Amino acid sequence: MATLTDAKRVVIKIGSALLVDRDRSALRGEWLRGLAEDVAMLKARGTDVILVSSGSIALGRGALGLPATELSLDQSQAAAAVGQIRLARAYEEALAPHGITTAQVLVTLEDSANRRRYLNSRATLEQLISLGVVPIVNENDTVATDEIRYGDNDRLAAQIALTTGADRLVLLSDVDGFYSSNPMENPSAQRFDIIDEITAEIEDMAGEGVSGLSKGGMITKLMAAKTATAGGCAMAITEGSVSRPISALENGANATWFTAQGTPHLARKRWIGSMKPQGTLVVDAGAARALGQGKSLLPAGVTNVTGDFERGDPVIISDADGHKLGQGLTAYKASDADKIKGHHSRDIEPLLGYPGRAALIHRDDMAL
């Protein structure tokens, strides 16, 4: 069974019902400070941590005195705008005593559906994590409409886990795992400790949640599990309202673990390799050798560019004889790639007029 003790990178999802009091106006400060201790514990042993947090609309609703009934889109976006400031400040104040810097990252569904935005999001999150920062991710409710929303932070958390190559995802919930039926309605419902495969029978067991604050139910958690595990990330559902919920999980608290299918690294390589290529980059012998050693593809090693592709599109990497070496997501559109081919990375800015990325294809965005 998966655990957190050997995790390299953990995404933790926090729901509104855990973070905000039932009157929808006050933060649960003591609970948040306990979570901050857990985050500090994970960081101290070298684990990267990303928090995906609900709560901005709930906090903003209370601050603005909006009704407890269903809000209109305009009211929700106004509440989010007010609440996001309070949410970011709360995490900053909770984690600062542990010497941890936080960053607010607001995303929409388009940021993962569009490959260029996806690469930008991935690069930003990777840079923050490399600097020791704990990103606080939330859906950008101030601009998102129904057509570009995730709609719940369970699925957003799973997508963030895939984007960052996390190997563990923890959904802190108002229930302590996945049950054969709704335990609030059926006292004989059975909790699963481990689910190795999400079958049709398992899917039929999922029902909607009962929380007055959270949007997601068990169906969205199951969808998150399918996304995460397919990407090589094990996922846990556990009760989050206790003090220090991550420590409780490590110490044997009730939970359901969904088994990862492979590793994040292999899953990402399969995903990249399965895409339809939009062009080709021909490389010289030196670049081919470097790729074989796990290096990124630099512009200096590229001899020819064909196709009409945009930044983030998949392209074939081939040698001078036309043999396919692999496939990757390009950091440049075709016209810019053609301008910098054969040149040193330090020449990119003079050639293009802007300081681009050093690699044409980063090794993490490549499947050989």
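Treat the numbers as computed from the prediction; the structure is a model and nothing was measured.

## Focus on the UniProt feature "domain: PUA" (unreviewed entry) in the chain
Feature annotation in UniProt places "domain: PUA" (unreviewed entry) on residues 279-361, given in this structure's numbering. The distance separating the terminal C-alpha atoms of residues 279-361 is 13 Å; by composition the span is 24% helix and 27% strand.

## Thoughts on the sheet that holds strand β12 (residues 324-329)
Strand pairing within a sheet occurs via backbone hydrogen bonds; the two strands may be parallel or antiparallel. Pairing is mixed across the open sheet formed by five strands, whose spatial order is β10-β9-β11-β12-β13. Of all the strands in the sheet, the pair left with one neighbour each is β10 (302-307) and β13 (366-367).

## Some words on the side chain of S53
Position of S53 among the secondary structure elements: in strand β2 (residues 48-53). In contact with S53, other than residues within four places in its own chain, are I14, L19, L87, Y91, I136, V137, N138 and N153.

## Brief notes about helix α6 (residues 115-130)
In a regular helix each residue adds 1.5 Å, so 16 residues correspond to 22 Å; α6 covers 22 Å between its end C-alpha atoms and thus fits that length. Within the span of α6, buried status applies to Y118, L119, S121, R122, L125, L128 and I129. Count one or two residues on from α6 and you reach G132, which has phi positive near 85°.

## What about the packing of helix α3 (residues 56-64) against helix α4 (residues 73-95)?
The packing of two helices is summarised by the inter-axis angle and the distance between the axes. Axis separation between α3 and α4 bottoms out at 6 Å; the angle between their running directions is 100°. When the axes of α3 and α4 are compared, the pair comes out roughly perpendicular. Of the residues in α4, those in contact with S56, I57, L59, G60, R61, A63 and L64 of α3 are S76, A78, A79, A80, V82, G83, Q84, R86 and L87. Across the contact of α3 with α4, the residue classes break down as nine nonpolar, five polar and two charged.

## Some points on the UniProt feature "binding site: substrate" (unreviewed entry) in the chain
Here, the residues flagged by UniProt with the feature "binding site: substrate" (unreviewed entry) are S54, D141 and N153. Relative to the helices and strands, S54 is located in the loop between β2 and α3. If we skip the residues at most four places from it in the chain, S54 touches K13, I14, G15, S16, L19, L87, N138 and N153. Considering the arrangement of structural elements, one finds N153 in helix α7 (residues 153-164). Under the relative-accessibility criterion, N153 is labelled buried at 8%. Among residues more than four places away in sequence, those in contact with N153 are K13, V52, S53, S54, N138 and E139. Side chain to side chain, N153 and S54 meet in a polar contact 2.9 Å long.

## Description of the pattern of salt bridges
Tallied over the entire structure, the rule returns 15 salt bridges. Among the ionic pairs, R244 bridges to D38, the shortest N-O distance being 2.9 Å. Taken together, the positions of R244 in the loop between β7 (234-239) and α10 (245-250) and D38 in helix α2 (residues 29-44) put the pair 206 residues apart, joining distant regions of the chain. Under the relative-accessibility criterion, R244 is labelled partly exposed at 26%. D365 is paired through a salt bridge with R122; the nearest N and O atoms lie 3.8 Å apart. One end of the pair, D365, is in the loop between α14 (348-352) and β13; the other, R122, is in helix α6, with 243 residues separating them in the sequence. R122 shares its class with D365; the two are buried.

Reading the values: the criteria
Residues numbered from 1 in each chain as written. Predicted model: local features only at pLDDT ≥ 70, side-chain atom pairs only at ≥ 80, totals over all residues. Heavy atoms only, no water. UniProt positions renumbered as here; feature names shortened; annotations may be inferred. Helix = DSSP H or I, 4+ residues; strand = E, 2+ residues; numbered from the N terminus. Pairing = 2+ DSSP bridges. Contact = heavy atoms within 4.5 Å. Expected span 1.5 Å × (residues − 1). Buried < 20%, exposed > 50% of the residue type's maximum accessible area, 1.4 Å probe, protein only. Axes fitted to C-alpha atoms, helices over the stretch in contact; angles between N-to-C directions. Parallel < 35°, antiparallel > 145°, perpendicular 65-115°, else oblique. Nonpolar A, V, L, I, M, F, W, Y, C, P; charged D, E, K, R; others polar. Polar contact = N/O pair within 3.5 Å; in protein donor to acceptor, adjacent residues only side chain to side chain. Salt bridge = Lys/Arg side-chain N within 4 Å of Asp/Glu carboxyl O.

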